[in-house]
Amino acid sequence: MIEVLLFIKDFELGSRISERCIDEQRNVEFSDENSDPEEFPDTIKLAIVDFDENVFSSVGLVSELKRRDLKVIGIMKNISNDDQLKLRSAGCDIILTKSSIVKNLSNLFSELLD
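Computed from a predicted model, the values in this text were never measured in an experiment.

Parameters and conventions
Residues numbered from 1 in each chain as written. Predicted model: local features only at pLDDT ≥ 70, side-chain atom pairs only at ≥ 80, totals over all residues. Heavy atoms only, no water. Buried < 20%, exposed > 50% of the residue type's maximum accessible area, 1.4 Å probe, protein only. Helix = DSSP H or I, 4+ residues; strand = E, 2+ residues; numbered from the N terminus. Pairing = 2+ DSSP bridges. Right-handed = clockwise from strand over helix to strand, strands pointing away. Polar contact = N/O pair within 3.5 Å; in protein donor to acceptor, adjacent residues only side chain to side chain. Contact = heavy atoms within 4.5 Å. Arc of directions from axis to C-beta. Core = buried A, V, L, I, M, F, W, Y, C linked by side-chain atoms within 4.5 Å. Salt bridge = Lys/Arg side-chain N within 4 Å of Asp/Glu carboxyl O.

(A) Layout of the pairing of strand β4 (residues 71-76). With five of its six residues buried, β4 lies for the most part within the structure. Two strands pair when backbone bridges link them, and strand β3 (residues 46-50) and β4 are joined in this way by five bridges, in the parallel orientation. Looking across to β4, one finds that Ile-48 is bridged to Ile-73. Regarding topology, helix α2 (residues 59-67) serves as the crossover connection from β3 to the parallel β4, and that connection is right-handed. Relative to strand β5 (residues 94-97), β4 is paired through four bridges, and the arrangement is parallel. Of the residues in β5, the one forming a bridge with Gly-74 is Ile-95. As a crossover connection, the stretch from β4 through helix α3 (residues 81-90) into β5 is right-handed.

Structure follows, in structure tokens:
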């Protein structure tokens, strides 16, 4: 039962996040810009999106994920106030730096999914 979608192209970061998800008993699936939201399993509750990747940096992606009632965590290397405001207004639930996402996943799962 897949619970978490990862929109991450960085292999190292994606591996660290997926490993941590598995450690937390959360099943994950990687997604990309060609994924059809109509085909997402109903069991998915959360999406983690790397907004440093140009193909995922659209607020349209956040809006589509929110239409599916998913919680959205946005990650970026550096977060400006403008970025945070734009992503929050698009529906992003939490925006974190890439350096803090892995160590905070346990708390985020508790806050957003349980």
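Having seen it, we continue.
(B) Focus on the side chain of Ser-31. Tracing the backbone shows Ser-31 in the loop between β2 (27-30) and β3. Residue Ser-31 is classed as buried on the basis of its relative accessible area of 7%. Only 2.8 Å separates the side chain of Ser-31 from the side chain of Ser-35, close enough to count as a polar contact. Setting aside residues up to four positions removed in sequence, Ser-31 forms contacts with Leu-5, Leu-6, Phe-7, Ile-8, Phe-40 and Phe-56.

(C) The arrangement of α2 in detail. Regarding α2, the residues found buried are Leu-61, Val-62 and Leu-65. The arc enclosing the buried residues of α2, seen along the axis, measures out at 100°, which places them on a common side. In the core, the buried residues of α2 are packed alongside β1 (2-7), β3, β4 and α3. Where α2 ends, the next residue or the one after it, Asp-69, has phi of about 60°, a positive value.

(D) Inspection of the nonpolar core at higher detail. Counting 19 residues, the largest nonpolar core has Ile-17, Leu-46, Ile-48, Ile-73, Ile-75, Ile-101 and Leu-105 as its most contacted members. Looking at this core, the elements with two or more residues in it are β1, α1 (11-23), β3, β4, β5 and α4 (98-112). Here this core takes six residues from α4, the largest share from any one element. Ignoring sequence-local partners within four residues, the contact set of Ile-75 consists of Ile-8, Leu-13, Ile-17, Ile-48, Val-49, Asp-50, Phe-51, Asp-52, Leu-96, Lys-98 and Ile-101. Membership of the second largest hydrophobic core comes to 18 residues, among which are Leu-5, Leu-61, Met-76 and Leu-87.

(E) Inspection of the pattern of salt bridges at higher detail. Across all of its chains, the model carries eleven salt bridges by this definition. Among the salt bridges present, the one from Arg-26 reaches Glu-3, with a minimum N-O distance of 3.2 Å. Of the two residues, Arg-26 sits in the loop between α1 and β2 while Glu-3 sits in strand β1, which places them 23 residues apart along the sequence. Between Arg-67 and Glu-64 there is a salt bridge whose closest N-O contact spans 2.6 Å. Placement of both Arg-67 and Glu-64 in helix α2 is noted, with a separation of three residues, approximately one turn of the helix. Each of the salt bridges in this network shares a partner with another, and the network as a whole consists of Glu-38, Glu-64, Arg-67 and Arg-68.

Distances and angles like these do not, on their own, reveal function.
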